[in-house]
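Now for the letters of each chain:
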Amino acid sequence: MKTFDYLLDIRDQKGAGFLLLLDPDKLVGENLGTVVKHAQDSGVDAFLVGSSLMTRDIFERSLAEIKKYSKVPVIIFPGSLFQISAQADAILFLSALTSRNTDLIVGNHVHAAPLLKQHDLEPISTAYLLIESGKLTTAHFMSDSLPIPREKAEIACAYSLAADMFGFQLVYLEAGSGALAHVPKEMVFAVSRTVRMPVIVGGGIKDPEAANELARAGASFIVTGNFFEKNGNSGKLKAFADAVHFKQPVPTVV
Ligand code: 1GP
């Protein structure tokens, strides 16, 4: 089964999917096997692996370790062309539509595409939209984005509609890792009613209540990372997963 189809199934069954971002740079010194197993047991539906800025040459090694223990898909969330690997199940083929750097809209993709084909790595075409979130995040800075103002849902809708018309598979509303404020639920609601494609929301989601609100507003997938990189918070993974999986299973009639 394609990873994208798996993700759609999860969304349909559970209301929304819970994706955990593993940034290899931030997990130095951690036992990745333990992290992965605990996340799976807590209800994480897939792992995203990547970083807006990697300062160590540990991408392949980290990915191998994550793949070794993961029973759910491992999807590259690339911060650069250096984050491509045959070891993953899929890659978010990101076009940073809010960027002012054409290489990040379509440019690096020309270099990447033949490699993805050679590796038989499933690309999931993703319109990546940076949303204003209270401070300049690494994602905003590195993607050279002019972020969409948080109260201007209509701009996010228009971008998403254009992305839908181009045929993107996903739209990612990104507040940036460690954002002060996550994407507003009103924007998630508006975008998810405007386009048919699934909406991913990430950045600055710090409690299960916010995750639940965003999922109920229409996010198909919720991404968190930063919160669980901090000591002592991994025990809250299950509460997040349960909050994202808001749809109750339909009882079987006997
Ligand atoms: C970043 O959306 C992700 O792309 C995760 O953000 O680290 O703030 O949870 P956080």
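In the block above lies the structure referred to throughout.
Residues numbered from 1 in each chain as written. Predicted model: local features only at pLDDT ≥ 70, side-chain atom pairs only at ≥ 80, totals over all residues. Heavy atoms only, no water.

1. Remarks on the layout of surface pockets
Volume-wise, the second largest pocket comes out at about 250 Å³. In this structure, the second largest pocket is lined by 17 residues; those nearest its centre are Glu30, Val35, Phe228, Glu229 and Ser234. Among the secondary structure elements, those contributing two or more residues to the lining of the second largest pocket are β1 (17-22), α2 (32-42) and α10 (226-229). For the lining of the second largest pocket, the residue count by class is seven nonpolar, seven polar and three charged. (1 Å grid on protein atoms, 1.4 Å probe; cavity = no way out; pocket = protein on both sides within 12 Å on 5 of 7 lines; lining within 4 Å. Points joined across faces, edges and corners; volume = space filled by probe spheres on them. Helix = DSSP H or I, 4+ residues; strand = E, 2+ residues; numbered from the N terminus. Nonpolar A, V, L, I, M, F, W, Y, C, P; charged D, E, K, R; others polar.)

2. Regarding the environment of Ser133
Its location among the elements puts Ser133 in the loop between β5 (122-130) and α6 (138-142). Not counting chain neighbours up to four residues away, the residues in contact with Ser133 comprise His140, Arg150, Ala175, Ala179, Leu180 and Ala181. (Contact = heavy atoms within 4.5 Å.)

3. Re the site of the ligand
Not every one of the 14 residues close to the ligand is listed here, only the nearest: Glu174, Ser177, Gly178, Gly225 and Asn226. In this structure, Gly225 approaches the ligand through a main-chain N or O atom, which is 2.8 Å from an oxygen atom. Among the elements of the structure, β6 (170-174) and β8 (221-224) are those that each provide at least two residues to the shell around the ligand. Classifying every residue of the shell around the ligand gives four nonpolar, nine polar and one charged. (Near = heavy atom within 4 Å. Polar contact = N/O pair within 3.5 Å; in protein donor to acceptor, adjacent residues only side chain to side chain.)

4. Section: the side chain of Ser220
Within the fold, Ser220 resides in the loop between α9 (208-217) and β8. One polar contact links Ser220 to Arg11, side chain to side chain, over a distance of 3.1 Å. Contact partners of Ser220, with chain neighbours within four places excluded, come to Arg11, Ala16, Gly17, Pro198 and Val199.

5. So, the packing of aromatic side chains
Aromatic ring pairs are defined here through the distance separating the ring centres and the angle between the ring planes. Summed over the entire model, instances satisfying the criterion amount to seven aromatic pairs. Both rings, one in Phe18 and one in Phe240, keep their centres 6.2 Å apart while their planes meet at 20°; by these two values the pair is stacked. With Phe18 in strand β1 and Phe240 in helix α11 (residues 237-244), this pair connects stretches of sequence that are 222 residues apart. Each of the two residues, Phe18 as well as Phe240, counts as buried. (Phe/Tyr/Trp six-rings, centres within 6.5 Å; stacked < 30°, edge-to-face > 60°. Buried < 20%, exposed > 50% of the residue type's maximum accessible area, 1.4 Å probe, protein only.)

6. As for the nonpolar core
In terms of nonpolar packing, the biggest core is built from 60 residues, with Leu173, Met187, Val191, Val201 and Ile222 touching the most fellow members. At five residues, the largest contribution of residues to this core is made by α9. Ignoring anything within four residues of it in the chain, the contact list for Met187 reads Ile131, Ile148, Pro149, Arg150, Lys152, Ala153, Ala156 and Leu173. Judged by nonpolar contacts, the second largest core, of 22 residues, contains Leu21, Leu48, Tyr172 and Phe221. (Core = buried A, V, L, I, M, F, W, Y, C linked by side-chain atoms within 4.5 Å.)

7. Section: the pattern of salt bridges
For the coordinates displayed, the defined rule picks out eight salt bridges. A salt bridge links Lys26 to Asp23, with the nearest nitrogen and oxygen atoms 3.3 Å apart. By relative accessible area, Asp23 is classed as buried at 5%. (Salt bridge = Lys/Arg side-chain N within 4 Å of Asp/Glu carboxyl O.)

8. Some words on the sheet that holds strand β2 (residues 46-49)
Taken together, eight strands build a closed barrel; the order of strands is β1-β2-β3-β4-β5-β6-β7-β8 and the barrel is parallel. Averaged over all pairs of adjacent strands, the angle between strand axes in this sheet comes to 30°, irrespective of strand direction. The sheet contact formed by strand β7 (residues 199-202) and β8 spans three bridges and is parallel. Among the inter-strand pairings, Gly202 is bridged to a residue of β8, identified as Val223. The strands touched by α11 are β1 and β8; relative to β1, the strand with the most contacts, the crossing angle is about 140°. (Pairing = 2+ DSSP bridges. Axes fitted to C-alpha atoms, helices over the stretch in contact; angles between N-to-C directions.)

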